[in-house]
Amino acid sequence: MYHLMYHLRSQGIVAQDCVKVLIDEDNDDGTSKKSLYFGKCVAFLQDSEGKQFVVLQWFTRHEDNGFDMISKVPSFKLAPEGHTKSYSTLPLDAILNGAVMVPGGGRFWALLSPREQKLYTNHFQ
């Protein structure tokens, strides 16, 4: 059974449900590391065995070092809709928590708590 996302409305404006996900990635030396990514929820799915998944459209980092030099806030662009690499299906338990992505200036700005800011900063050191 497949369930498409519904968009909540906030003050009459369609809102985008966004999340932070933690994914295991392989290093060149055979070890793995956990990496933090941001995505816009497109759909939630459930297979015939009851396993649940989320379909995400990825946000891509705008800055190589992770943060805008002036605001010290991470900014992103939404991956192009027409490219298959812009989307992934992940197990629901990959979601760390929700993400507040504020649009502005042709980008999306991730608002992070101090703890999240520290965790995200660690990925670029």
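Everything below is about the structure shown above.
Residues numbered from 1 in each chain as written. Predicted model: local features only at pLDDT ≥ 70, side-chain atom pairs only at ≥ 80, totals over all residues. Heavy atoms only, no water.

> How should I be thinking about the side chain of K40 in this particular structure?
Considering the arrangement of structural elements, one finds K40 in strand β5 (residues 32-46). Although buried, K40 forms no salt bridge, and the nearest oppositely charged side chain, E81, lies 5.3 Å from it. In this view, K40 contacts Q16, D17, C18, V55, L56, Q57, F59 and L78; residues no more than four positions away in its chain are not counted. (Helix = DSSP H or I, 4+ residues; strand = E, 2+ residues; numbered from the N terminus. Buried < 20%, exposed > 50% of the residue type's maximum accessible area, 1.4 Å probe, protein only. Lys, Arg positive; Asp, Glu negative; His and termini not counted. Salt bridge = Lys/Arg side-chain N within 4 Å of Asp/Glu carboxyl O. Contact = heavy atoms within 4.5 Å.)

> Looking at this structure, I do not really get a nonpolar patch on the surface. What am I missing?
Taken together, L22, L96 and L119 make up a surface patch of nonpolar side chains, about 210 Å² in accessible area. By the secondary structure assignment, L96 is in strand β9 (residues 95-104). (Patch = residues over 30% accessible without salt bridge, like charges linked within 9 Å, V, L, I, M, F, W, Y side chains within 5 Å. Areas by Shrake-Rupley, 256 points an atom, 1.4 Å probe, with all protein chains shown as cover.)

> Honestly, the nonpolar core in this entry has me stumped. Any pointers?
For soluble globular proteins, the rule of thumb is that nonpolar side chains tend to be buried together. If you look at the biggest cluster of nonpolar residues, it comprises 12 residues: C18, L36, F38, F59, F67, F76, A99, M101, F108, A110, L112 and Y120. Looking at this core, the elements that each hand over two or more residues are β5, β9 and β10 (107-111). Among all residues touching Y120, those that are not within four sequence positions of it are L36, F38, R61, G66, F67, P74, F76 and L112. Membership of the second largest hydrophobic core comes to nine residues, among which are V19, C41, W58 and A79. (Core = buried A, V, L, I, M, F, W, Y, C linked by side-chain atoms within 4.5 Å.)

> Sorry if this is basic, but what is going on with the pairing of strand β4 (residues 18-26) here?
Sheet faces and side chains relate simply in a regular strand, where the side chains alternate between the two faces. By the bridge criterion, nine bridges tie β4 to β5 in an arrangement that is antiparallel. Considered in β5, the bridge of V19 is made with G39. Linking two consecutive strands that pair antiparallel, namely β4 and β5, is a turn of five residues; a positive phi of about 90° is found at G30 within it. The sheet contact formed by β4 and β9 spans four bridges and is antiparallel. Looking across to β9, one finds that K20 is bridged to N97. (Pairing = 2+ DSSP bridges.)

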